Amino acid sequence: MKKKKIYLIGSGGHAASCIDVLETSKKFKIAGIFSDDNKNFFLNYKILGNINSLLKKNKKLNLHIAIGSIKNYNLRRKLFLKLQKKGHHFPCIVSNQSIVSKRAKIGDGTIIFHSSIINTNAEIGKNCIINTSSCIEHDVRISDHAHISTCAVINGNCKIGMGTFVGSSTVLKENIEIGSKSIIGFGKSINKNIPSGKLIK
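Reference entry: report on the structure contained in this document. Only a predicted model underlies this, so the values are computations on that prediction, with no experimental measurement involved. (Residues numbered from 1 in each chain as written. Predicted model: local features only at pLDDT ≥ 70, side-chain atom pairs only at ≥ 80, totals over all residues. Heavy atoms only, no water.)

Here we take up the overall build of the protein. Within the protein, the secondary structure is distributed over three helices and 23 strands. Its C-alpha atoms give the protein a radius of gyration of 16 Å, near enough to 17 Å, the size a compact globule of 201 residues would have. In terms of overall dimensions, the protein has a C-alpha envelope of 45 × 35 × 30 Å along the principal axes. Considering the protein as a whole, with its 201 residues, one finds that 48% of them fall into the buried category. Summarising the internal contacts of the protein: among those between residues at least 6 apart in sequence, 29% fall at separations of at least 24. Accessible surface computed for the protein: about 10,000 Å², of which carbon and sulfur atoms make up 48%. Of the side chains in the protein, 32 bear a positive and 11 a negative charge, and the two mean positions are spaced by 8 Å. (Helix = DSSP H or I, 4+ residues; strand = E, 2+ residues; numbered from the N terminus. Rg over C-alpha atoms; globule rule 2.2 N^0.38 Å. Buried < 20%, exposed > 50% of the residue type's maximum accessible area, 1.4 Å probe, protein only. Contact = heavy atoms within 4.5 Å. Areas by Shrake-Rupley, 256 points an atom, 1.4 Å probe, with all protein chains shown as cover. Lys, Arg positive; Asp, Glu negative; His and termini not counted. Charge placed at Lys NZ, Arg CZ, Asp CG, Glu CD.)

Here you go:
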């Protein structure tokens, strides 16, 4: 099967991790990067222009937003919505080293990193980051633009709001709801609902 060309947006640490996932993919081939950093190449991939030059392109491309979200939730969301409106495509990217139930649903532009587990009937929205070795259990609902960080465990029937960040090694008890735009820090044990916009350090 011929691999489809895909273009990344961003050239930082998160982009490097995305590249690792894509280089193992049988579906996609990285054709270049758009970044505001003043570089010509990033990890041997050519930087084709800045993000503004991408926004001006009329040709419809397969894109992935490879910018981390803990400080850039709004940037990721705005770029995704603006570029999608222009007709660009945001395929779902799933590491072939992850385990994803055939009964799970994953939205456009979401990336599932190495060693992650997405269990039965889980639903993950658009433009989400499901980072390395995280576990998304049965019937979990994760809204658009959320970021589940490394080794986090989201137990059954939890709901995570739009744009929320869940830190590394944090564990959510089953049936917990976290509102939109919240930030849950590293290594937390969450056993009660969290309202929107909350910061848990």
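After presenting the structure, the write-up continues.
Moving on to the sheet that holds strand 1 (residues 4–9). Strands sit in the order 3-4-2-1-5 across an open sheet of five strands; the sheet is mixed. Each having just a single partner strand, strand 3 (41–42) and strand 5 (63–65) make up the two edges of the open sheet. For strand 2 (residues 28–34) and strand 4 (residues 45–49), the ladder comprises two bridges, and the chain directions are parallel. Residue pairing for strand 4: F34 is matched across the bridge by G49. Most of the contacts of helix 3 (residues 73–85) go to strand 5, to which it runs at about 165°, and overall it touches strand 1 and strand 5. (Pairing = 2+ DSSP bridges. Axes fitted to C-alpha atoms, helices over the stretch in contact; angles between N-to-C directions.)

Taken as a whole, this structure holds zero disulfides when the rule is applied. Here C18 stays unpaired: no disulfide links it, and the sulfur of C92, its closest cysteine neighbor, is 12 Å away. (Disulfide = S-S within 2.5 Å.)

Relative to the helices and strands, L75 resides in helix 3. Under the relative-accessibility criterion, L75 is labelled partly exposed at 37%. For the pair L75 and N175, spaced 100 residues apart in the sequence, the C-alpha separation amounts to 30 Å.

Another point: the layout of surface pockets. Taken as a whole, the largest pocket encloses approximately 160 Å³ of empty space. Residue lining of the largest pocket: V21, T24, S25, K26, K27, F28, C92, I93, V94, S95 and N96, and that is the complete set. By residue class, the composition of the lining of the largest pocket is five nonpolar, four polar and two charged. (1 Å grid on protein atoms, 1.4 Å probe; cavity = no way out; pocket = protein on both sides within 12 Å on 5 of 7 lines; lining within 4 Å. Points joined across faces, edges and corners; volume = space filled by probe spheres on them. Nonpolar A, V, L, I, M, F, W, Y, C, P; charged D, E, K, R; others polar.)

What follows concerns the pattern of salt bridges. All chains considered together, the criterion is met by two salt bridges. As a salt-bridge pair, K39 and D37 come within 3.8 Å of each other at their nearest N and O atoms. Owing to a relative accessible area of 33%, K39 belongs among the partly exposed residues under this scheme. Between R141 and E123 there is a salt bridge, with its nearest N and O atoms 3.7 Å apart. With R141 in strand 14 (residues 141–142) and E123 in strand 11 (residues 123–124), this pair connects stretches of sequence that are 18 residues apart. (Salt bridge = Lys/Arg side-chain N within 4 Å of Asp/Glu carboxyl O.)

For the rest of this paragraph, the subject is the sheet that holds strand 19 (residues 171–172). In space, the six strands of this open sheet follow the order 7-10-13-16-19-22, with parallel pairing throughout. Because the sheet does not close on itself, it has two edges, and the strands there are strand 7 (99–100) and strand 22 (189–190). Across two bridges, the pairing between strand 16 (residues 153–154) and strand 19 is parallel. In the sheet register, I154 faces strand 19, and the bridge partner there is L172.

Among the secondary structure elements, I30 is positioned in strand 2. With 23 residues separating them along the chain, I30 and Y7 place their C-alpha atoms 5.9 Å apart. Setting aside residues up to four positions removed in sequence, I30 forms contacts with I6, L8, I19, L22 and Y45.

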